[in-house]
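Chain by chain, the residues:
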Amino acid sequence: MVLELYLDLYSQPCRSVYMFAKKNNIPFELKNVKLFEGQQYEEDFGKINPLRKVPALRDEDFTLAESIAILMYLAEKFKTPDHWYPSDLKKRARVNEYLSWQHVAVRANGSKVFWFKFMIPIITGEEVPKEKMDFVLEDLNMSLKLFEEKFLQDRPFIIGEQISLADLVAIVEMMQPVAAGLDIFEGRPKLSAWRDRVKEGIGRELFDEAHAAILKAKDIGQMLDKSKLEFFKARVKKMLN
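Each chain has its residues counted from 1, following the order in which its sequence is written. Given that this is a predicted model, residues contribute local features only at a pLDDT of at least 70 and side-chain atom pairs are listed and counted only at 80 or more, while totals for whole chains, interfaces and linings are drawn from all residues. Side-chain numbers here rest on the full set of heavy atoms in the structure, without hydrogens or water.

Student: Please give an account of the overall build of the protein that cites residues and values.
Tutor: Segments assigned H or I by DSSP are reported as helices when at least four residues long, segments assigned E as strands when at least two residues long, and all are numbered from the N terminus. Secondary structure summary: the protein contains 11 helices and four strands in total. The C-alpha radius of gyration computed for the protein amounts to 18 Å, which stays within 12% of the reference 18 Å derived for 241 residues, consistent with globular compactness. Remark: exposure states derive from per-residue accessible area (1.4 Å probe, protein chains only) relative to the maximum for the residue type, with buried under 20%, exposed over 50%, and partly exposed in between. In the protein, buried positions account for 50% of the 241 residues. Taking the intrachain contacts of the protein between residues at least 6 apart in sequence as the baseline, contacts between residues at least 24 apart amount to 70%. A residue counts as positive if it is Lys or Arg and as negative if it is Asp or Glu; His and the chain ends are not included. Charged side chains are reduced to one point each, which is NZ for Lys, CZ for Arg, CG for Asp and CD for Glu. Distance between charge centroids for the protein: 2 Å, based on 37 positive and 37 negative side chains. Taken over C-alpha atoms, the radius of gyration is set against a globule rule of 2.2 Å times the number of residues to the power 0.38. Between two residues, a contact is recorded if the distance between any of their heavy atoms is within 4.5 Å.

If you want it as C-alpha cells, here you go:
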C-alpha cells in the first residue's frame, strides 16, 4: 500500500509536506481534503485524523497528524539528504529551535494577517477595524525582524549553507500574507534574497505548483460552503475578540 498524504494546498503546512515529498521523490498518493467545503469533518477523514486537520499521513496501518511530525517522519523513513534534517546534533537542534518557535510567531501572525486582510471581509462582508489590523501587522513585522536577526543572520539559510526543513516551513508561512495582498518581502532585501535561494533549493517549478492555488486566493469566496458559513463566522468572532 502506497503512503497516503491528505492535503489541501491552501494550507501552509500542507504545502511544506507536499513540496518536501515531491522534491525528495517520495512515492505517495495525494488525497485532497477540501477545507473550504468542510471535508475535514466528514466521517471517513475522522478515521484518518480525529483532530480534523490537514496534513495527515497514512502509511499502511500507521496514521500521523501535524506537519512537523510528518516532515520528520518522511525525512527519517526515506533517508532524505542530510541537509533537510541534519544528523549533526547542533545543526538538528537549530532546525528544531526554529520549528518550535515559528508556531507562535511567523505562523500565527502570518495566518492572522491572511484572515484579517482577506478571509474575514469575504465571510462577513466587512473590513476588519484598522486598529486591529495595525496590531496584527505590528506582530508580523516583529516576527519577521526576529527571523532575520536571530534565525537567518548573515547565513544563506537558517542552519548555514544548505536548505533545511526550517527554511521550508518558514517560506510557506511567509507566502500566506503575500496571498492576501501584503508583499512582506518588499523593502526587506535580506529576506527577499533568502526567499529566492529557498525557491531555487526547492525548485521554482515545484514551488510555483504548490503555491498556484493560494496565489489565486480571490477564488476562495466561491468555494466557501454556505451551509458551513456559521462555523467560519464563529471562528471570526473568536479572532476579533
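That covers the picture; the talk isn't over yet.
Student: Help me get a handle on the environment of Arg 92, residues and values and all.
Tutor: As for its position among the elements, Arg 92 is in helix H4 (residues 89–101). Separated by 10 residues in the primary sequence, Arg 92 and Asp 82 place their C-alpha atoms 9.8 Å from one another. Beyond its immediate sequence surroundings of up to four residues, Arg 92 is in contact with Glu 76, Tyr 85, Pro 86 and Ser 87.

Student: Describe the layout of surface pockets, listing the residues and the values that go with them.
Tutor: Each cavity reported here is a set of points on a 1 Å grid over the protein atoms alone in which a 1.4 Å probe fits but cannot get out, each pocket an open set with protein on both sides within 12 Å along at least five of seven lines, and each lining residue one with an atom within 4 Å of a point. Grid points are joined across faces, edges and corners, and a volume is the space filled by probe spheres set on the points. Quantified by volume, the second largest pocket comes out at close to 150 Å³. Taken together, 12 residues form the lining of the second largest pocket, with Asp 8, Leu 9, Tyr 10, Asn 32 and Lys 34 sitting closest to its centre. At the level of secondary structure, the elements contributing two or more residues to the lining of the second largest pocket comprise strand S2 (29–32) and helix H9 (204–211). Among the residues making up the lining of the second largest pocket, the classes are represented as eight nonpolar, one polar and three charged. For this classification, Asp, Glu, Lys and Arg are treated as charged, while Ala, Val, Leu, Ile, Met, Phe, Trp, Tyr, Cys and Pro are nonpolar and the rest, including Gly, are polar.

Student: Give a description of the sheet that holds S2 that names residues and reports values.
Tutor: Should DSSP find at least two bridges between two strands, the strands are taken to pair. Across the sheet, which stays open at both edges, the four strands sit in the order S2-S1-S3-S4 with mixed pairing between neighbours. The sheet is open, and its two borders are formed by S2 and strand S4 (62–65), each paired with just one other strand. Between one strand axis and the next, the sheet turns by 20 degrees as a mean value, whatever way the strands run. Judged from the four bridges that link them, strand S1 (residues 4–7) and S2 form a sheet pairing that is parallel. Note on S2: the bridge partner recorded for Tyr 6 is Lys 31. Angles shown run from 0 to 180 degrees and are taken between the N-to-C directions of axes, each axis being a line fitted to C-alpha atoms and, for helices, limited to the stretch in contact. Strands S1 and S2 of the sheet are contacted by helix H1 (residues 12–23), whose axis makes an angle of about 145 degrees with S1. Helix H3 (residues 67–77) contacts strand S3 (56–59) and S4 of the sheet and is inclined by roughly 130 degrees relative to S4.

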